[in-house]
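Breakdown of the fold
Spelled out from the first residue to the last, the chains are:
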Amino acid sequence: MADTIGAAAAAVLLTADPTEKARLSRHHAACWRAGDLAAVYDVPMPDRPARPPRPELLPPSRMPKRGRAGSERSRIALLHALAHIEFNAIDLAWDAAGRFGGAMPRAFTDDWVAVADDEARHFGLLADRLSDLGAAYGDLPAHDGLWEAAMATADDLLARLAVVPQVLEARGLDVTPATESRLRAAGDDLSADILNVIYHDEIVHVSVGNRWFRHLCDELRIEPVQTFQHLVGSRFKGALKRPFNDSARIEAGLTPAFYDSLASA
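Anyway, here's the lowdown on the structure attached to this text. Nothing here was measured: the structure is a model prediction, and the numbers come from that model. (Residues numbered from 1 in each chain as written. Predicted model: local features only at pLDDT ≥ 70, side-chain atom pairs only at ≥ 80, totals over all residues. Heavy atoms only, no water.)

1. With respect to the overall build of the protein chain
Rule in force here: Comment: elements are numbered from the N terminus, with helices defined as DSSP H or I runs of at least four residues and strands as E runs of at least two. Every radius of gyration here is taken over C-alpha atoms, with the globule rule written as 2.2 Å times N^0.38, N being the number of residues. Only protein chains enter the accessibility calculation, which uses a 1.4 Å probe; a residue is then buried when its area is under 20% of its type maximum, exposed when over 50%, and partly exposed in between. We score Asp and Glu as negative and Lys and Arg as positive, and we do not count His or the chain ends. Note on charges: their place is set at NZ of Lys, CZ of Arg, CG of Asp or CD of Glu.
Within the protein chain, the regular secondary structure consists of 10 helices and 0 strands. Taken over C-alpha atoms, the radius of gyration comes to 18 Å for the protein chain, in line with the 18 Å a tight globule of 265 residues would show. Each principal axis of the C-alpha atoms in the protein chain carries an extent, and together these give about 50 × 45 × 30 Å. A burial count over the protein chain gives 51% of its 265 residues as buried. A distance of 6 Å separates the average location of the 29 positive side-chain charges in the protein chain from that of its 37 negative side-chain charges.

As structure tokens, this is what we get:
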């Protein structure tokens, strides 16, 4: 059993089974809150986390279409895609804590362990809902874009905070309300309720990224907006897409000055 936060983070990252990864994430988060893990960052984070044999990982261009909106098949595909995001997000949060926490105030680790706990809870909600619909995580292919972003920012905490919470997670704030509405229109209130829970938690997660990004910029005496734009331009492969959910982003501290000029037409 892990007795340091570094060992706990590495243990989650090196657990392949999705159910066990989520369970271990929640267990270690509870241990950290209880003071049972020493604030020692003594284990290097792996370059890649362990992955189960399924789902098959494909390039984004080869991902199959989800089918007709509102059909059970398309809803299963949607929930599977979201479960894959949350599965990766467990690792992203523990990697942030274990890789960068030793050089930061303890509150940094507190925040990312709390995020990891949330992501594990989200994964469990989605996995259970897939089971209700006769499906399971791993039944459909998925892509590896989230961890590619982690690898591209493994050397630079500012870059990680710019790209992962403030670009990738912030995109979820843009698309989730409309997705929730489509699920309700299809009569799937149970799935819609899960998305609503995730949406409100993700506002907090984006705010964690934004707050620590600003903290580092203050320490380094660099301007946050220009630094964000430079890092996104150099470390993020894709384009920022409109429309933006400005109200949710602003609630998270991510004002339009950060991202609006980076958006594709």
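From this point, the narrative continues.
2. Focus on the environment of S207
Heads up, the rule is: Pairs of N or O atoms are called polar contacts if they sit within 3.5 Å, as long as, within protein, a hydrogen donor faces a hydrogen acceptor (for residues adjacent in sequence, only side-chain-to-side-chain pairs).
Looking at the secondary structure, you find S207 in helix 7 (residues 189-220). Judged by its relative accessible area of 17%, S207 falls in the buried class. Here the side chain of S207 touches V204 through a polar contact of 2.5 Å, landing on its backbone oxygen.

3. Notes on the environment of V204
Along the polypeptide, V204 turns up in helix 7. Judged by its relative accessible area of 46%, V204 falls in the partly exposed class. The spacing of V204 and G253 is 49 residues in sequence and 9.7 Å in space, taken between C-alpha atoms.

4. Examining the pattern of salt bridges
Convention followed: For this analysis, a salt bridge means a side-chain nitrogen from Lys or Arg found within 4 Å of a carboxyl oxygen belonging to Asp or Glu.
Applying the stated rule across the entire model yields 24 salt bridges. A salt bridge links R106 to D110, with the shortest nitrogen-to-oxygen separation between them at 4.0 Å. Of this pair, R106 and D110 are both found in helix 4 (residues 106-132), 4 residues apart, which corresponds to roughly one turn of the helix. R106 gets classed as partly exposed once you look at its relative accessible area, which sits at 44%. For D155, the salt bridge is made with R235, and the minimal N-O distance between the two is 2.9 Å. Of this pair, D155 sits in the loop between helix 5 (145-152) and helix 6 (157-185) while R235 sits in helix 8 (residues 224-235); the two residues are 80 residues apart in sequence, bridging distant segments of the chain. Since its relative accessible area comes to 23%, R235 is described here as partly exposed. One continuous salt-bridge network, built from bridges that share partners, spans R75, R129, D132 and D188.

5. Observations concerning the packing of aromatic side chains
We count it as follows: Here the aromatic set is Phe, Tyr and Trp, taking the six-membered ring for Trp, and pairing holds for ring centres within 6.5 Å; pairs whose planes are under 30 degrees apart are stacked, those over 60 apart are edge-to-face, and all others are tilted.
Evaluation of the coordinates by the stated rule reveals 8 aromatic pairs. A centroid spacing of 5.9 Å and a plane angle of 45° characterise the contact between F87 and F123, whose relative ring orientation is tilted. Here F87 is found in helix 3 (residues 72-100), whereas its partner F123 is found in helix 4, with 36 residues between them in sequence. Judged by relative accessible area, F87 falls into the buried class, the value being 0%. An angle of 75° between the planes, with centres 5.5 Å apart, marks the rings of F108 and W212 as edge-to-face. Remark: W212 occurs in helix 7 and F108 occurs in helix 4; sequence separation between them is 104 residues. Of the two residues, F108 and W212, both sit in the buried class. Cluster of aromatic residues (ring-pair linked, three or more members): F87, F123 and Y137.

6. As for the nonpolar core
Put simply, the rule reads: Only buried residues count toward a nonpolar core. Its members are Ala, Val, Leu, Ile, Met, Phe, Trp, Tyr and Cys residues joined through side-chain atoms within 4.5 Å. Working rule for contacts: check all heavy atoms of both residues, and any pair within 4.5 Å makes them a contact.
If you look at the biggest cluster of nonpolar residues, it comprises 78 residues, and the most contacted ones within it are W94, W112, F213 and F228. Apart from residues no more than four positions distant in its own chain, F228 is found in contact with A162, Q166, V167, F213, F258, Y259 and L262.

The values reported here are purely geometric and, on their own, carry no functional implication.
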